[in-house]
Amino acid sequence: MADNAILGSDAYSPAEIQDKVEKLGVKKARMPFLPEFMLSIIAGGSIGLGGMFFVIVLADATLGFAIQRVLGGVVFSLGLALVMIGGAELFTGNCLIVMAWWNGQIRTGEVIRNWIVVWVGNLVGALGLVFLLYMAHFADLNNGGTGTAMLKLAIGKMSPDAVTIFFKGILCNLLVCLGVWLAYASRSVADKMAGMVLPVACFVAAGFEHCVANMFFLPMAWLLAETGHVPAGLDVSVITLFNIMHNIIPATLGNIVGGAGFVGLIYWAIYRKGLGGLTPLPVTKPANGKRTVAAE
C-alpha cells in the first residue's frame, strides 16, 4: 500500500502538500549557514537567468503586448524551475516556512535568520549574474535591443510610489507561492514544471514586483546607464541606487505579506488549524514537567 502511494501518478492532496511544507519549513529554518547561503546564491542567479530570458522576449518589438508579456512570463519560469527542481533557497518561496512557525515547530529567530541569510544570498547571486552578463555584452543582443528593454523595464519598476510597489509585491508572491504550492503537489519533474509555469507567467505578464528578480533587473539597468549604454532620447534619470532600494524594500515587504499571509497563513488555517493536519505536532516538555503538544 505504501509503495503504491509513493509510486502513484496522482498528485499529492492539499493536506499532503501542507504537511510537506511544514516539514520542509523546519528543515530550511535549521539548515547550517554555509549550504544555506550557497544555495541562496544559486537561487539568486537562477531567478536572474529567468529574468535574462524574459528580457530577450521583451526586446522583440514585433510582438504584440499580450503575446510578449505572456511568452516572457513563460520563459521567466525557468528561474523557479531551476530553484524547485535543481534545489536552491529562494527568499520568496521561503515565506512559506511560517507554516511551521505558526505550529511552534520553529522559533521566530529561526524564521528571521533564514529570511535574512537567504535574502542576502539571493542578492549576491543576482549581482554575480549581472557582472557575468555585462562582461558577456548581453545588452548588445538584437542591436542593443536587450539593453534598451532592460532600461525601460527598470524605469517602469522604479517610477511608481512605494505603496503601489508594496501591493504589486503582495500580488507577485501570492502567485509565486501558489506556483511553489502546486509544484509540491507533483510526483515528477514534468509535473513540477506544469504546476509552476502559469502562476509565474501570470505575475510576470501583469507586471508585479518580485524582489529577487528585481535584484537582477535593476542593478543591471543601473550598470548599463552608468556605463553609457543608453539609446538617444531615453531618459534614465530615474535609474539610481536610491530608487533601486525604493523598489526592492517595499517589494520585499509585499512579498512577505503575499507569501506568508495570503498563501501560508490561509492554507495553514485550513489544513492544520481547521482540518487537523496529517502529522501530529511535536510533543514539548515545559518547565512544569507536563507534556503538551505544540499549540495549533
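Computed from a prediction, not measured in an experiment: that's the story for all the values here.

Colleague: Looking at this model, I keep getting lost on the overall build of the chain. Mind explaining?
Modeller: What the chain contains, in helices and strands, is 12 helices and two strands. From first element to last, N terminus to C terminus, the chain shows the α and β order α-α-α-α-α-α-α-α-α-α-α-α-β-β. Its C-alpha atoms give the chain a radius of gyration of 20 Å, within 12% of the compact-globule value 19 Å for 296 residues. By principal-axis analysis of the C-alpha atoms, the chain measures approximately 75 × 45 × 35 Å. Across the 296 residues that make up the chain, the buried fraction comes to 49%. Restricting the contact set of the chain to residue pairs at least 6 apart, pairs at least 24 apart contribute 83%. Of the roughly 13,500 Å² that the chain leaves accessible, carbon and sulfur atoms contribute 71%. Considering the chain, the positive charge centre built from 18 side chains and the negative charge centre built from 16 side chains are found 11 Å apart.

Colleague: Teacher, can you tell me more about unusual backbone geometry here?
Modeller: Note: most residues except glycine have negative phi, and most peptide bonds are trans. Positioned with a positive phi, His137 is a non-glycine residue whose angle comes to about 60 degrees. Along the polypeptide, His137 turns up in the loop between helix H7 (108-135) and helix H8 (141-158). Positive phi outside glycine occurs at Asn143, with the angle close to 55 degrees.

Colleague: Would you mind showing me how to read the nonpolar core here?
Modeller: Side chains of nonpolar character tend, in soluble globular proteins, to be buried together. Core analysis: the largest hydrophobic core is formed by 76 residues, its most contacted members being Phe76, Met150, Phe203, Phe216, Phe217 and Ile239. Here this core takes 11 residues from helix H11 (residues 211-226), the largest share from any one element. Beyond its immediate stretch of four places on either side in the chain, Phe217 contacts Gly51, Phe54, Val55, Phe76, Met150, Leu153 and Lys157.

Colleague: Quick question: what am I supposed to make of H8 here?
Modeller: Side chains that are three or four residues apart share a direction in an α-helix, a result of its 3.6 residues per turn. End to end, H8 covers 24 Å across 18 residues, agreeing with the expected 26 Å (1.5 Å per residue, within 8%). Every buried residue of H8 is accounted for by Gly145, Thr146, Gly147, Thr148, Ala149, Met150, Leu151, Leu153, Ala154, Ile155, Lys157 and Met158. Packing partners of the buried residues in H8 comprise helix H3 (33-58), helix H9 (162-184), H11 and helix H12 (241-274).

Colleague: Explanation requested: the pattern of salt bridges in the structure shown.
Modeller: With the rule as written, the count across this model stands at seven salt bridges. In this structure, the salt-bridge partner of Arg107 is Glu110, at a minimum N-O distance of 3.7 Å. When its relative accessible area of 57% is taken as the criterion, Arg107 is described as exposed. One network of salt bridges, in which partners are shared, links Arg30, Arg107 and Glu110.

Colleague: Teacher, can you tell me more about the layout of surface pockets here?
Modeller: The probe, sized like a water molecule, is rolled over the atoms to show the empty space still left. Here the largest pocket is characterised by a volume of approximately 340 Å³. Looking at the largest pocket, it is lined by 21 residues, and the ones nearest its centre are Leu24, Lys28, Ala88, Glu89 and Tyr184. If you list the elements that add at least two residues to the lining of the largest pocket, you get helix H2 (14-29), helix H5 (78-86) and H9. It is H2 that contributes the most residues to the lining of the largest pocket, five residues altogether. In the lining of the largest pocket, the residues fall into 13 nonpolar, four polar and four charged. In this structure, the second largest pocket occupies an estimated 200 Å³ of space. Around the second largest pocket sit 16 residues that line it, and Arg69, Leu153, Lys157, Gly207 and Phe208 are the ones nearest its centre. Mapped by element, the contributors of at least two residues to the lining of the second largest pocket are helix H4 (65-76), H8, helix H10 (189-205) and H11.

Colleague: What's the story with a nonpolar patch on the surface in this structure? I'm lost.
Modeller: Taken together, the side chains of Phe53, Ile56, Leu78, Leu82 and Leu141 define a hydrophobic patch exposed on the protein surface, amounting to about 370 Å² of accessible area. If you list the elements that add at least two residues to the nonpolar patch, you get H3 and H5. Locating Leu141 in the fold gives a position in helix H8. Residue classification places Leu141 among the partly exposed residues on the basis of a relative accessible area of 43%.

Colleague: Explain the packing of aromatic side chains here, please?
Modeller: To describe a pair of aromatic rings, one takes the distance between the centres and the angle between the planes. In this structure the tally under the stated criterion is 10 aromatic pairs. Judged by centre distance (5.7 Å) and plane angle (90 degrees), the ring pair of Phe76 and Phe203 falls under edge-to-face. Linking Phe76 in helix H4 with Phe203 in helix H10, this pair joins segments that are 127 residues apart in sequence. Overall, the relative accessible area of 4% leaves Phe203 in the buried class. A connected cluster of aromatic rings, assembled from ring pairs, spans Phe54, Phe216 and Phe217.

Colleague: Could you clarify how one ought to interpret the packing of H3 against H8 in this entry?
Modeller: The relative placement of two packed helices is expressed as an angle between their axes plus a distance between the axes. The geometry of H3 relative to H8 is characterised by a closest axis approach of 8 Å and an angle of 105 degrees between their N-to-C directions. Viewed along their axes, H3 and H8 adopt a mutual orientation that is roughly perpendicular. Together, Phe54, Val55, Ile56 and Leu58 of H3 and Thr146, Ala149, Met150 and Leu153 of H8 make up the contact between the two elements.

Cut-offs used in this document
- Residues numbered from 1 in each chain as written.
- Predicted model: local features only at pLDDT ≥ 70, side-chain atom pairs only at ≥ 80, totals over all residues.
- Heavy atoms only, no water.
- Helix = DSSP H or I, 4+ residues; strand = E, 2+ residues; numbered from the N terminus.
- Rg over C-alpha atoms; globule rule 2.2 N^0.38 Å.
- Buried < 20%, exposed > 50% of the residue type's maximum accessible area, 1.4 Å probe, protein only.
- Contact = heavy atoms within 4.5 Å.
- Areas by Shrake-Rupley, 256 points an atom, 1.4 Å probe, with all protein chains shown as cover.
- Lys, Arg positive; Asp, Glu negative; His and termini not counted.
- Charge placed at Lys NZ, Arg CZ, Asp CG, Glu CD.
- Core = buried A, V, L, I, M, F, W, Y, C linked by side-chain atoms within 4.5 Å.
- Expected span 1.5 Å × (residues − 1).
- Salt bridge = Lys/Arg side-chain N within 4 Å of Asp/Glu carboxyl O.
- 1 Å grid on protein atoms, 1.4 Å probe; cavity = no way out; pocket = protein on both sides within 12 Å on 5 of 7 lines; lining within 4 Å.
- Points joined across faces, edges and corners; volume = space filled by probe spheres on them.
- Nonpolar A, V, L, I, M, F, W, Y, C, P; charged D, E, K, R; others polar.
- Patch = residues over 30% accessible without salt bridge, like charges linked within 9 Å, V, L, I, M, F, W, Y side chains within 5 Å.
- Phe/Tyr/Trp six-rings, centres within 6.5 Å; stacked < 30°, edge-to-face > 60°.
- Axes fitted to C-alpha atoms, helices over the stretch in contact; angles between N-to-C directions.
- Parallel < 35°, antiparallel > 145°, perpendicular 65-115°, else oblique.

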